[in-house]
Amino acid sequence: MGVPSRLVSAVDAPSPPVFAVRAASAADLDGLVAIESHSFETDRIARRSFRKLVEAPTAAITVAFLPDGRLVGYALLLFRAGTGMARLYSIAVLPEMRGSGVGAALVAESERVAFDRDRFLLRLEVREDNADAIRLYERMGYRRIGRYLDYYEDHANALRYEKRLRGDALSTSVRYYEQTTDFTCGPCCVMMALGHLRKDYAMSPVEEIKLWRQATTVFMMAGLGGCDPHGLAVSAARNGLAASIHVSREGSLFLESVRDPEKRRVMELAQEDFRHQTIAFDIPIHHRPLDVAAIREALAEGALAIVLISAYRMFGKKVPHWVLVVGDDGRHLFIHDPWVEDRSRETHNDAANLPIPYADFEHMARWGREPLRAAVVLRPR
Ligand SMILES: CC(C)(COP(=O)(O)OP(=O)(O)OC[C@H]1O[C@@H](n2cnc3c(N)ncnc32)[C@H](O)[C@@H]1OP(=O)(O)O)[C@@H](O)C(=O)NCCC(=O)NCCS
C-alpha cells in the first residue's frame, strides 16, 4: 500500500491542505502522543499503550500526515479474534486541522483496513456530548445502536454506533426487496429469487404475503411466525422454480423454541404436510448441510441459495432468519438480507449485497443449540 496512492486533498477548500494516510509505526509515538494530548481531557491513551498497540496484531493504527511528515491525526482500530467485528476505539485530529476532511479520511481508511482483515461490522462508542464526532459518523453512514450510561472516566454517557462494511462490493443483478413484516424473511428470499429467475415475475407486498401463506408452518400467535425449509421450497416450486432442500437432520424443525403444546402440534402437522408436498413437487431433500463450497458451486451454475442464519451476529437477536445468497467474489459470499434493522436509520445499502467472509458465513449459517443448518437452492425450471 504505497503512500502516494493514498494522497488525499480536501476537495472543496479554497487552498486545500494536502495530507495522506498510512499505517503507523513505532517512529510515530511522539506524534501520536501529541495528538492525544491536544484532543482529549480524560481517558487518554498513554505512550506505552500506543507503543504496544503499534505492534499488536489485534490493533491497527492509521495516521494522517502532512507533506513535511508531521502527524495531524490518527485512528485506532481494535480486533478481537473470532468475531466479524472491529472497533474504532479512538480517532483524533489536531485542532488546527479539523474540518478539512482528515477525520473522514481516517474513518474511510480504517473501514478499508477492517474490511481487508475480514471484518464486516465496524462499531464505535462516542461521548453523547461530542457533536463533531457524532456528525462525522452519521454522515459516513454509521447508525446508532445503543447508549451506555456513565461510560467514561468523567461519568459522561456514550452512544454506540455501527456500520456494515462493504469494501468494493461486486454489483448484482438480483433485485433487493425489504420485508414489510417481522416474519416474512423466508418468503421475501423466495420472492427475490422469483424476481431474478423468472422473467415475468413482479415482486410486491401482496406476493410477499401470498408466499408466506404458502410457506409458513404456523398461524399468527406469539412466537415464531416463520417458515421452514420445506415450506419455502414448496412455495418456490408452486411458483415455477426448481428447488432442492439441504437440512442437517430429518423431522420437524424449530419445535424446541415453542412452549405451547397446541402450537407445537399445529407446527408439526404443517411441516409433515410440507414434507409430503415435496414429494408431489419432486423436490430432493439432502440430509446434510450445504457448506460454503457447495453454495459457491450452486451460484456458479446460476442458482441462488436461501440460507438459515442466526441473526445474532448480524443484529444481536437470537432469532432464526433467512437470507438470500446472491454472489461470490472468491473470498466473501454476498447476501441480500431482507430485514432492514431500525427503518429510520439503516438503509437498503446496509442490507443489500452485503459481503460476508466465508469463515464468518459458515459460522452464522446455523441456528440454535443443535445447531440446525438449513438451505434451499433455487434454479429456473
Ligand atoms: C471528531 C474529529 C476526529 C473529526 O475530525 P475532522 O478532521 O474535523 O473531521 P472532518 O474534517 O472529516 O469532518 C468534520 C467537518 O469538516 C467538514 N469537512 C470535511 N471535509 C472538508 C473539507 N475538505 N473542507 C472543509 N470542511 C470539510 C465536514 O463536512 C465536517 O463538517 P460537519 O461539521 O458539517 O460534519 C475531530 O473533531 C477531533 O479530533 N475531535 C477531538 C477528538 C474526538 O472527539 N474524537 C472522537 C472520539 S469518539
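None of these values were measured; they are calculated from a predicted model.

Chemist: Explain the overall build of the protein chain to me, please; I cannot follow it from the model alone.
Modeler: Helix and strand content of the protein chain: 12 helices and 15 strands. Along the three orthogonal principal directions, the C-alpha set of the protein chain runs to about 75 × 40 × 35 Å. Taken across its 381 residues, the protein chain has 51% of its residues classed as buried. Accessible area of the protein chain: about 18100 Å², with a carbon and sulfur share of 52%.

Chemist: Where do I start with unusual backbone geometry in this structure?
Modeler: Negative phi is the rule for most residues except glycine; trans is the rule for most peptide bonds. The step from Glu-370 to Pro-371 runs through a cis peptide bond, and the omega angle for that step is -15°. Among the structural elements, Pro-371 can be located in the loop between helix 12 (358-364) and strand 15 (374-380). Located in the positive-phi region is Phe-254, a residue other than glycine, with phi close to 65°. Position of Phe-254 among the secondary structure elements: in the loop between strand 9 (241-247) and helix 8 (261-280). At Asn-353, a residue that is not glycine, the phi angle is positive and equals roughly 55°. Within the secondary structure, Asn-353 sits in the loop between helix 11 (348-351) and strand 14 (354-357).

Chemist: Explain the packing of aromatic side chains here, please?
Modeler: Each aromatic ring pair is summarised here by two numbers: the centre-to-centre distance and the angle between the ring planes. What the rule picks out here adds up to 7 aromatic pairs. For the pair Phe-50 and Tyr-74, a centre-to-centre distance of 5.3 Å together with 90° between the ring planes defines the contact as edge-to-face. With Phe-50 in helix 2 (residues 47-55) and Tyr-74 in strand 4 (residues 71-79), this pair connects stretches of sequence that are 24 residues apart. Exposure remark for Phe-50: the relative accessible area of 0% places this residue in the buried category. By relative accessible area, Tyr-74 is classed as buried at 0%. The positively charged end of Arg-22 is found above the aromatic ring belonging to Phe-65, 5.0 Å away from the centroid. We note Arg-127 situated over the ring of Tyr-152; from NZ or CZ to the ring centre the distance is 5.6 Å.

Chemist: Looking at this structure, I do not really get the UniProt feature "domain: N-acetyltransferase" (unreviewed entry) in the protein chain. What am I missing?
Modeler: Mapped onto this structure's residue numbering, the UniProt feature "domain: N-acetyltransferase" (unreviewed entry) falls at residues 19-166. This span, residues 19-166, is 30% helix and 34% strand, and a straight line between its end C-alpha atoms measures 25 Å.

Chemist: Explanation requested: the nonpolar core in the structure shown.
Modeler: As a rule of thumb, soluble globular proteins bury nonpolar side chains together. One finds Ile-295, Ile-306, Val-325, Phe-361 and Leu-378 to be the most contacted residues of the largest nonpolar core, which totals 72 residues. Per element, the largest residue contribution to this core is 9 residues, and it comes from helix 5 (residues 185-197). Those residues within four positions of Leu-378 in sequence are excluded, and the remaining contacts are Ala-193, Leu-197, Ala-236, Leu-241, Ala-242, Ala-243, Ala-303, Leu-304 and Ile-306.

Chemist: Sorry if this is basic, but what is going on with the site of the ligand here?
Modeler: Val-93, Gly-99, Gly-101, Gly-103 and Asn-130 are the nearest of the 21 residues found near the ligand. In the model, an oxygen atom of the ligand is placed 3.2 Å from a nitrogen or oxygen of the Arg-98 side chain. Between an oxygen atom of the ligand and a main-chain N or O atom of Ala-104, the distance comes to 2.8 Å. Here the ligand loses 77% of its free accessible area of 930 Å² to cover by the protein chains. Broken down by secondary-structure element, the contributors of at least two residues to the shell around the ligand are strand 5 (85-93), helix 3 (102-116), strand 6 (121-127) and helix 4 (131-139). When its residues are assigned to classes, the shell around the ligand shows 11 nonpolar, 6 polar and 4 charged.

Chemist: What is the right way to read helix 8 from this model?
Modeler: Given 3.6 residues per helical turn, the α-helix brings residues three or four places apart onto the same face. The first and last C-alpha atoms of helix 8 sit 29 Å apart over 20 residues, in line with the 28 Å expected at 1.5 Å per residue. What helix 8 keeps buried is the set Lys-263, Met-267, Gln-271, Phe-274, Gln-277 and Thr-278. Along the long axis of helix 8, the arc covered by the buried residues comes to 115°, so they all point the same way. Structural note: helix 8 exposes Pro-261, Ile-279 and Ala-280 on the side pointing more than 90 degrees away from its buried face. Where helix 8 is buried, its residues touch helix 6 (205-215), helix 7 (229-238), strand 9 and strand 10 (285-286). Between the side-chain oxygen of the N-cap and the backbone nitrogen of Glu-262 there are 2.8 Å, and the N-cap of helix 8 in question is Asp-260. Two residues or fewer past helix 8, Asp-282 is found with a positive phi of approximately 60°.

Chemist: Would you explain the side chain of Glu-111 in this entry?
Modeler: Tracing the backbone shows Glu-111 in helix 3. Overall, Glu-111 belongs to the buried group, its relative accessible area being 12%.

Chemist: Teacher, can you tell me more about the pairing of strand 3 (residues 59-65) here?
Modeler: In summary, the side chains of a regular strand alternate between the two faces of the sheet. When you tally the buried positions in strand 3, you get 7 out of 7 residues, the bulk of the element. The alternating pattern of strand 3 places Ala-59, Ile-61, Val-63 and Phe-65 on one face and Ala-60, Thr-62 and Ala-64 on the opposite face, and all of these are buried. In terms of strand pairing, strand 2 (residues 18-23) meets strand 3 through 4 bridges, oriented antiparallel. Paired with Val-21 across the two strands is Ala-64, which belongs to strand 3.

About the thresholds
Residues numbered from 1 in each chain as written. Predicted model: local features only at pLDDT ≥ 70, side-chain atom pairs only at ≥ 80, totals over all residues. Heavy atoms only, no water. Helix = DSSP H or I, 4+ residues; strand = E, 2+ residues; numbered from the N terminus. Buried < 20%, exposed > 50% of the residue type's maximum accessible area, 1.4 Å probe, protein only. Areas by Shrake-Rupley, 256 points an atom, 1.4 Å probe, with all protein chains shown as cover. Phe/Tyr/Trp six-rings, centres within 6.5 Å; stacked < 30°, edge-to-face > 60°. Lys NZ or Arg CZ within 6 Å of the ring centre and 35° of its normal. UniProt positions renumbered as here; feature names shortened; annotations may be inferred. Core = buried A, V, L, I, M, F, W, Y, C linked by side-chain atoms within 4.5 Å. Contact = heavy atoms within 4.5 Å. Near = heavy atom within 4 Å. Polar contact = N/O pair within 3.5 Å; in protein donor to acceptor, adjacent residues only side chain to side chain. Nonpolar A, V, L, I, M, F, W, Y, C, P; charged D, E, K, R; others polar. Expected span 1.5 Å × (residues − 1). Arc of directions from axis to C-beta. Pairing = 2+ DSSP bridges.

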